[in-house]
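Read off the chains here:
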Amino acid sequence: MALAKLGRSGRLRWGIILLFLIMGTWLGFFLQRFSATSALFTNFIDFSMDVKQIDLIILKFGFHLALKINLGTIIGAIAGIGVSR
């Protein structure tokens, strides 16, 4: 009941949904390690982009962007929407 009242503000609502998405994805990664559930929780979107190093004379930086979506992500999204309402 208390979470339902907290989830009414727009920013907090999206935060709750994002938190559940991340937790669901982690749960999916955990369940991929077991042979009984690994087939259900395989990543069906696995995209990554990696820039090792960009050198701008006075500044060097790099970044790695990865998007991994599995069944746990979908379950987390549905749970997050349910909790935030």
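Residues numbered from 1 in each chain as written. Predicted model: local features only at pLDDT ≥ 70, side-chain atom pairs only at ≥ 80, totals over all residues. Heavy atoms only, no water.

Peer 1: Hey, could you go over the side chain of Thr73 for me, with residue numbers and the actual values?
Peer 2: Looking at the secondary structure, you find Thr73 in helix H3 (residues 71–84). Within the structure, the side chain of Thr73 is placed 2.7 Å from the side chain of Thr25, a separation counted as a polar contact. Contacts of Thr73, omitting those with residues within four sequence positions, involve Leu21, Gly24, Thr25 and Lys68. (Helix = DSSP H or I, 4+ residues; strand = E, 2+ residues; numbered from the N terminus. Polar contact = N/O pair within 3.5 Å; in protein donor to acceptor, adjacent residues only side chain to side chain. Contact = heavy atoms within 4.5 Å.)

Peer 1: Can you lay out H3 for me, pointing to particular residues and giving the numbers?
Peer 2: Between its terminal C-alpha atoms H3 stretches 20 Å, which fits the 20 Å expected from 14 residues at 1.5 Å a residue. For H3, every residue scored as buried is listed here: Gly72, Thr73, Gly76, Ala77, Gly80 and Ser84. End-on, the buried residues of H3 take up no more than an arc of 140°, which puts them together on one face. Residues of H3 that are buried in the fold lie against helix H2 (10–31) and strand E2 (60–69). Backbone nitrogen of Gly72 and a side-chain oxygen of the N-cap are separated by 2.9 Å at the start of H3; the cap is Asn70. (Expected span 1.5 Å × (residues − 1). Buried < 20%, exposed > 50% of the residue type's maximum accessible area, 1.4 Å probe, protein only. Arc of directions from axis to C-beta.)

Peer 1: Any chance you could break down the environment of Trp14 for me, citing the residues and the numbers?
Peer 2: Relative to the assigned elements, Trp14 resides in helix H2. Residue Trp14 is classed as exposed on the basis of its relative accessible area of 63%. Taking the C-alpha atoms as reference points, Trp14 and Lys52, 38 residues apart in sequence, are found 32 Å from one another.

Peer 1: Report on the pairing of strand E1 (residues 45–55), specifying residues and quantitative values.
Peer 2: Taken residue by residue, a regular strand's side chains alternate between the two faces of the sheet. Across nine bridges, the pairing between E1 and E2 is antiparallel. Its bridge partner being in E2, Met49 is matched across the sheet by Leu65. (Pairing = 2+ DSSP bridges.)

Peer 1: Please give an account of unusual backbone geometry that cites residues and values.
Peer 2: Not every positive phi belongs to a glycine, and Ile57 is a case in point at roughly 50°. Considering the arrangement of structural elements, one finds Ile57 in the loop between E1 and E2. Under the relative-accessibility criterion, Ile57 is labelled exposed at 82%.

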